[in-house]
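Close look at the chain arrangement
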Amino acid sequence: MKTSVREAKGGVQILDLKGKITIGSGDVQLRETINKLVEEGKKNILINMADVTTIDSSGIGELVGCYTSVTNKGGKLKLLHLPPKISDVLTVTQLITVFDVYESEGEAVASFAA
Amino acid sequence: MSSPRANRETGPIRMSLSSRFENIEMAQHLCGKLLEGYDLPEEKRHWILMALREALANAIKHGNSQDQAKRVHLDMDVIDDTLQMRIRDEGNGFDPSGVADPLAPENRLKTSGRGIFYMRTFMDEVSFRPVDGGGMEIVLKKHLIREGQKEEKGP
């Protein structure tokens, strides 16, 4: 998996993910990237999932772990551009209600200021 | 009339894999080959491969504890239009009834414990049995529809 971080209005960190978030390939990388942002004091994080091709239960577990660690530090973690199959995987485990999910980057970034 | 084994050109497939996550995609690729000839919606095919991924990851991580000396045994075949996949590890076994319900509010934010749930969600039948001599076998079954046949049952 490839990751890149860019900063948007209001200091929101947008994490663009590309590739797989599966066991042994991307799952730990996601956690480490989020932990680094949190350690740097960057607590408003938007994960852009548009180019995520595959996710499994391990990847879902890491997403949940990232959500918890950011929230526990007083931050917010939200999701952008969920591919349909990833949305389905979050829906069947009732996690879709846990995450704030956006289809528009502008709306997502603005929501952190609300 | 359907033949007892619809895809004789490909199946059955029997593999013995080392306990490495990198092997999951190879097994998924071969499962995909086995499914060729079935007019499966892309989504249904995707969920079958995800269930296989979860079963193999479970065997590698929890069954064999990623011990390279231990193998994961995979048998795949299509019999009477039903895909059957057997995944056996060489670990110490576990009690599937002891796995917590990932939908329970107290488990919703746990970072693990969803693999078996996904297998049960995406397949028609999922069964577990301890193997004589050690290890656990997971059997996954999914009814397939032959090309030209009408689908009688939802995904």
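Relevant structure appears above.
Residues numbered from 1 in each chain as written. Chains lettered and ligands numbered in written order. Predicted model: local features only at pLDDT ≥ 70, side-chain atom pairs only at ≥ 80, totals over all residues.

Here's the deal with the overall build of chain B
Keep this limit in mind: To qualify as a helix, a DSSP run of H or I must reach at least 4 residues; to qualify as a strand, a run of E must reach at least 2; elements of each kind are numbered from the N terminus. Here the C-beta atoms are placed from the backbone, and a residue counts as buried if at least 20 other C-beta atoms lie within 10 Å of its own, exposed if 12 or fewer do, and partly exposed otherwise. For the purpose of contact definition, each residue receives a C-beta atom placed from its backbone, and two residues are in contact when these atoms lie within 7 Å.
Of the regular secondary structure elements, chain B holds three helices and five strands. In chain B, the succession of helices and strands from N to C terminus is β-α-α-β-β-α-β-β. When each of the 155 residues of chain B is scored for burial, the buried share is 32%. Within chain B, contacts between residues at least 6 apart in sequence are counted, and of these 69% link residues at least 24 apart.

Side note on the interface of chain B and chain A
How big an interface is tends to be expressed through the accessible area that disappears when the partners come together. Which entries qualify depends on this criterion: Only Asp, Glu, Lys and Arg are considered charged, only Ala, Val, Leu, Ile, Met, Phe, Trp, Tyr, Cys and Pro nonpolar, and every remaining residue, Gly among them, polar.
Of the residues lining the interface, 18 residues belong to chain B; the matching set on chain A comes to 18 residues. The set of elements that each furnish at least two residues to the side of chain B that touches chain A consists of helix 2 (42–63) and helix 3 (115–122) of chain B. Here the side of chain B that touches chain A is composed, by residue class, of eight nonpolar, five polar and five charged.

Some points on the packing of helix 1 (residues 27–39) of chain A against helix 2 (residues 57–72) of chain A
Residue and element names in this part refer to chain A. What counts, and what does not: Angles shown run from 0 to 180 degrees and are taken between the N-to-C directions of axes, each axis being a line fitted to C-alpha atoms and, for helices, limited to the stretch in contact. Under this scheme an angle from 65 to 115 degrees is roughly perpendicular, one under 35 degrees roughly parallel, and one over 145 degrees roughly antiparallel; angles in between are oblique.
Direction vectors running N to C along helix 1 and helix 2 enclose 10°, while the axes themselves pass 9 Å from each other. Taken together, the axes of helix 1 and helix 2 are roughly parallel relative to one another. Note on element contacts: helix 2 touches helix 1 through Ser 58, Gly 59, Glu 62, Gly 65, Cys 66, Ser 69 and Val 70, opposite Asp 27, Leu 30, Arg 31, Ile 34, Asn 35 and Val 38.

Brief notes about helix 2 of chain B
Note the cut-off: Here the expected length of a helix is defined as 1.5 Å per residue gap, with one fewer gap than residues.
With 22 residues, helix 2 of chain B ought to run about 32 Å at 1.5 Å a step, and its terminal C-alpha atoms sit 30 Å apart, in line with that. Just beyond helix 2 of chain B, the residue with positive phi is Ser 65 of chain B, at close to 50°.

Focus on the packing of helix 2 of chain B against helix 3 of chain B
Residue and element names in this part refer to chain B. Note the threshold: Note: crossing handedness is left-handed where the near helix turns anticlockwise from the far helix by less than a right angle, and right-handed where it turns clockwise.
One can describe the packing of helix 2 onto helix 3 by two numbers: an axis separation of 9 Å at closest approach and a directional angle of 150°. By the criterion of interaxial angle, the relationship of helix 2 to helix 3 is roughly antiparallel. Viewed along their axes, helix 2 and helix 3 form a crossing whose handedness is left-handed. Contacts between helix 2 and helix 3 pair Trp 47, Ile 48, Met 50, Ala 51, Glu 54, Ala 55, Ala 57 and Asn 58 from the former with Gly 115, Tyr 118, Met 119 and Phe 122 from the latter. Partitioning the contact of helix 2 with helix 3 into residue classes produces nine nonpolar, two polar and one charged.

Remarks on the sheet that holds strand 5 (residues 101–102) of chain A
All names here are of chain A. This is how it is decided: We treat two strands as partners when DSSP finds at least two bridges between them.
Pairing in this open sheet of five strands is mixed, and the strands run 1-2-3-4-5 from one edge to the other. If you trace the sheet from one side to the other, it starts and ends with strand 1 (2–7) and strand 5, each paired once. The sheet contact formed by strand 4 (residues 76–80) and strand 5 spans two bridges and is parallel. The residue bridging Leu 79 from the neighbouring strand is Val 101, located in strand 5. Against the sheet, helix 2 makes contact with strand 2 (13–21), strand 3 (44–55) and strand 4, and its axis sits at roughly 140° relative to strand 4, the strand it touches most.

Side note on the nonpolar core
What counts is decided by this rule: When buried Ala, Val, Leu, Ile, Met, Phe, Trp, Tyr and Cys residues are joined through C-beta atoms within 7 Å, the set is termed a nonpolar core.
Core analysis: the largest hydrophobic core is formed by 34 residues, its most contacted members being Ala 51, Leu 52, Ala 55, Leu 56 and Leu 140 of chain B. When residues of this core are traced back to their parent elements, those giving at least two are helix 1 (23–34), helix 2, strand 2 (71–79), strand 3 (82–88), helix 3 and strand 5 (136–143) of chain B. The residues touching Ala 51 of chain B, leaving out its near neighbours within four places in the chain, are Tyr 118, Met 119, Phe 122, Met 123 and Leu 140 of chain B. Counting residues in hydrophobic clusters, the runner-up holds 31 residues, among them Leu 15, Leu 17, Leu 30 and Ile 60 of chain A.

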